[in-house]
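# Structure at a glance
Spelled out, the chains give:
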Amino acid sequence: MDVIVLTGGGTAGHVMPNLALAPLLAKDFELHYIGRPGSMEEELVKKNCPYIVFHGLECVKLPRKFTLKNLAVPFKLLASKKKAKRILAEIRPKVIFSKGGFVALPVMLAAGGKIPVILHESDYTMGLSNRMGAKKCAHVCTSFSDLAAKIPGGICTGAPLRGQIYRGDKRRAELETGLIGRQNLLIMGGSLGAQAINEAVYAEFGELAKRFDVVHITGKQGAAGERGSAGEQGAEHKSNAAPVKEPHYHPIPFAENIEDYLAWADYCITRGGANALFELCALCIPSLAIPLPKGVSRGDQIDNARYFERLGCVKVLEQNQITNYKLQITNYKLQFPLCKALDELQKDAASLRSACKEAKNIDGTERIARLIQETAKR
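The structure reproduced in this document is the subject of the present report. (Residues numbered from 1 in each chain as written. Predicted model: local features only at pLDDT ≥ 70, side-chain atom pairs only at ≥ 80, totals over all residues. Heavy atoms only, no water.)

### With respect to empty space enclosed by the protein
A complete count under the given rule lists 1 cavity of 30 Å³ or more for this structure. Here the largest cavity defines a volume of roughly 30 Å³. Considering the residues around the largest cavity, the lining is formed by Met16, Pro17, Ala20, Pro160, Leu161, Arg162, Asn275 and Glu279. Within the residue set of the lining of the largest cavity, elements represented by two or more residues are helix H1 (12–25) and helix H11 (274–282). Looking at the lining of the largest cavity residue by residue, the classes come out as 5 nonpolar, 1 polar and 2 charged. (1 Å grid on protein atoms, 1.4 Å probe; cavity = no way out; pocket = protein on both sides within 12 Å on 5 of 7 lines; lining within 4 Å. Points joined across faces, edges and corners; volume = space filled by probe spheres on them. Helix = DSSP H or I, 4+ residues; strand = E, 2+ residues; numbered from the N terminus. Nonpolar A, V, L, I, M, F, W, Y, C, P; charged D, E, K, R; others polar.)

Set out below in structure tokens:
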């Protein structure tokens with residue numbers, strides 16, 4: 001059976017789109033995944049798609065700022081490329097599909113134009129490793145039409161979305177949480193959690209619980225008050241502990257069955273990760289995006305969120321409007337920025353759902369799978 005290689009890693013956003021494509025490709029191809037050993041991608045691949053053969057590849061993160069340690073980066077990248085070449089020579093794939101991240105770059109470079117590479121960029125702007133690898137690719141696919149227009153031969157496919165998000169069971173989420181009968185608010189901060197969102201939720205906890213049944217996905221470390229998402233890990237944070245138990249508030253560190261909570265949600269607060277925004281748009285859930293700010297990221301989440309805001313599909317709240325989570329008194333009135341933004345979200349919910357239904361190039365799973373299959377046959 002012909003082989004297809006999937007690669008990408010660093011965050012769930014690099015891995016889950018690959019796993020969304022896997023069931024469509026596994027019928028006709030033997031699938032292999034190249035990722036970092038002992039990583040999130042290895043855990044997710046082995047747990048969700050045990051039929052995929054996993055290959056470990058040590059990689060080096062490309063620097064954005066110069067330090068003396070960065071002098072070793074080219075040599076480490078060369079070593080990773082050599083190992084990737086050995087893996088590719090052993091399994092002889094027909095096509096490599098890359099979702100980006102630093103582990104994907106040596107794989108793309110190792111292909112050397114001899115093995116066709118299809119690259120997919122999820123974000124509104126292209127990440128560093130994808131920019132470096134794009135010239136070696138047979139096809140460059142994008143989630144956002146604006147980016148495709150800037151790339152010679154770029155193809156706007158939309159995002160590869162997991163089929164199970166359409167098969168969520170609201171009743172299962174109700175049984176797990178005991179939250180039934182009110183407006184439902186899902187709060188999630190990405191695969192690693194979001195420190196700033198967690199602290200804002202804790203600060204406005206009482207007001208939120210008056211208005212909604214709340215499921216708060218804190219991140220695996222969020223409940224312990226340690227670190228948030230990758231961009232927020234520049235310093236140690238001592239977050240407020242999660243509030244005392246409240247009948248309308250259900251915090252969980254991670255949701256294995258996220259599709260059930262998406263089916264349960266009437267509204268959502270999210271970061272500006274592309275995959276989350278595309279999933280929420282596909283499901284027509286009115287959402288408030290609080291993107292990771294520039295400075296602790298390259299600003300991609302802001303660009304992602306603003307694109308969907310221009311389409312009329314989401315509301316956007318800048319993080320600096322919630323980071324002063326100790327409530328201030330202005331004109332003798334307590335300020336609740338999250339609750340105020342949620343009031344606007346509820347008021348405009350019908351128009352947000354309508355815009356989501358009309359948005360184009362949202363779920364690109366089948367189109368991308370078809371392109372991979374056609375390229376392999378050629």
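### Quick notes on H1
Along its 14 residues, H1 runs 20 Å from first to last C-alpha, staying within 8% of the 20 Å computed at 1.5 Å per residue. Of all 14 residues in H1, 10 are buried; the element is thus mostly enclosed. Buried positions along H1 lie against strand E1 (3–7), strand E2 (30–35), helix H2 (40–48), strand E4 (95–98), H11 and helix H15 (365–377). (Expected span 1.5 Å × (residues − 1). Buried < 20%, exposed > 50% of the residue type's maximum accessible area, 1.4 Å probe, protein only. Contact = heavy atoms within 4.5 Å.)

### Examining the nonpolar core
Membership of the largest hydrophobic core comes to 37 residues, with the highest contact counts inside it found for Leu186 and Phe308. For this core, the secondary-structure elements that each account for two or more residues are strand E8 (184–188), strand E9 (213–217), helix H10 (258–264), H11, helix H12 (300–310), strand E13 (314–316) and helix H14 (349–358). Tallying contributions element by element places H11 first for this core, with 5 residues. Leave out the neighbours within four places in its chain, and Leu186 touches Val215, Ile217, Tyr261, Leu262, Trp264, Ala265, Tyr267, Cys268 and Ile269. (Core = buried A, V, L, I, M, F, W, Y, C linked by side-chain atoms within 4.5 Å.)

### A closer look at the packing of aromatic side chains
Here the structure, examined in full by the defined rule, presents 10 aromatic pairs. Centre to centre, the rings of Tyr124 and Phe144 are 5.5 Å apart; their planes meet at 75°, and the pair counts as edge-to-face. Taken together, the residues span a long stretch of sequence, with Tyr124 in the loop between strand E5 (117–121) and helix H5 (128–133) and Phe144 in the loop between strand E6 (139–142) and helix H6 (145–148) at a distance of 20 residues. Judged by its relative accessible area of 14%, Tyr124 is buried. For the pair Phe212 and Tyr267, a centre-to-centre distance of 6.2 Å together with 70° between the ring planes defines the contact as edge-to-face. Of the two residues, Phe212 is situated in the loop between helix H9 (205–211) and E9 and Tyr267 in strand E11 (residues 267–270); the sequence distance between them amounts to 55 residues. Like Phe212, the residue Tyr267 is buried in the burial classification. An aromatic cluster of three or more residues is present, and its members are Tyr124, Phe144, Phe278, Tyr307 and Phe308. (Phe/Tyr/Trp six-rings, centres within 6.5 Å; stacked < 30°, edge-to-face > 60°.)

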